[in-house]
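The residues making up each chain are set out below.
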Amino acid sequence: MGKVRVAPRQGYMLFSPPINVVICSPLAIILQEVASGLLKQGYIRLGKELLQVDKVTATDQVVQGRNIVVRMLSPLTVYSTLVDSEYRYTHYYSPFEPRFQELILANLTKKYWLIFGRQAEQEGFSIEPLSVSEKDFKIVKYKGTIIKGWMGIYRLQGDPQLLEVALDAGLGGKNSQGFGCCELVGVEGG
């Protein structure tokens, strides 16, 4: 994160300091090891560049209620692989399509199961785009594959522990490639 100029034809991004690298995980030990390694080495490799580590900070976001507001830090991608006669293709969903919420919940409950080893409380879950427009639609080429996703601000409602999984593990798919990272920007009553 930071001030960036993209030159797609030349194949690079030019960042102006300072920049921030955000790393999320539902497992504290992973974050501890990453932080320890960064502090010991004193740098992080981003592409071909070595960047000096100035500081490492950690935030433990505990969700108390059933309503939060999040801002996407990287595109939220929700998709299905569909088969049409003999062709397979990927359909990326918009936050305004009915299946969007259904697939977000299915993905979150899988993550919850992997983290806690039990079923998540699904009742009352919803995700609503609060401030999402066409300018928030992003198309990213990642390792030769086109991935479509959405930035913006969303309201999430549901079990507080399930909402924490969204903050710690990300929303939607392709989280290990950097997609679906979000930050808590507000808490609403309820």
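Residues numbered from 1 in each chain as written. Predicted model: local features only at pLDDT ≥ 70, side-chain atom pairs only at ≥ 80, totals over all residues. Heavy atoms only, no water.

### Quick notes on unusual backbone geometry
When glycine is set aside, most residues are seen to have a negative phi, and most peptide bonds are trans. In this model, Lys143 sits at a positive phi of 50 degrees, which is unusual for a non-glycine residue. Mapping Lys143 onto the fold places it in the loop between strand 9 (137-142) and strand 10 (145-150). (Helix = DSSP H or I, 4+ residues; strand = E, 2+ residues; numbered from the N terminus.)

### Brief notes about the nonpolar core
By size, the foremost hydrophobic cluster in this structure holds 29 residues, and its most contacted members are Leu76, Ile104, Ile127, Tyr154, Leu156 and Leu171. Broken down by secondary-structure element, the contributors of at least two residues to this core are strand 5 (67-72), helix 2 (98-116), strand 11 (153-157) and helix 3 (160-169). Excluding residues within four positions of it along the chain, Tyr154 makes contact with Ile68, Val69, Val70, Met72, Leu76, Pro95, Ile127, Glu128, Pro129, Leu130 and Val132. (Core = buried A, V, L, I, M, F, W, Y, C linked by side-chain atoms within 4.5 Å. Buried < 20%, exposed > 50% of the residue type's maximum accessible area, 1.4 Å probe, protein only. Contact = heavy atoms within 4.5 Å.)

### Section: the pairing of strand 7 (residues 87-92)
Where strand 6 (residues 79-84) lies against strand 7, 6 bridges are found, and the strand directions are antiparallel. Counted as the bridge partner of Leu82 is Tyr89 from strand 7. The hairpin formed by strand 6 and strand 7 contains 2 residues between the paired strands, and Ser85 there has a positive phi angle of roughly 50 degrees. (Pairing = 2+ DSSP bridges.)

Geometry only, nothing functional implied.
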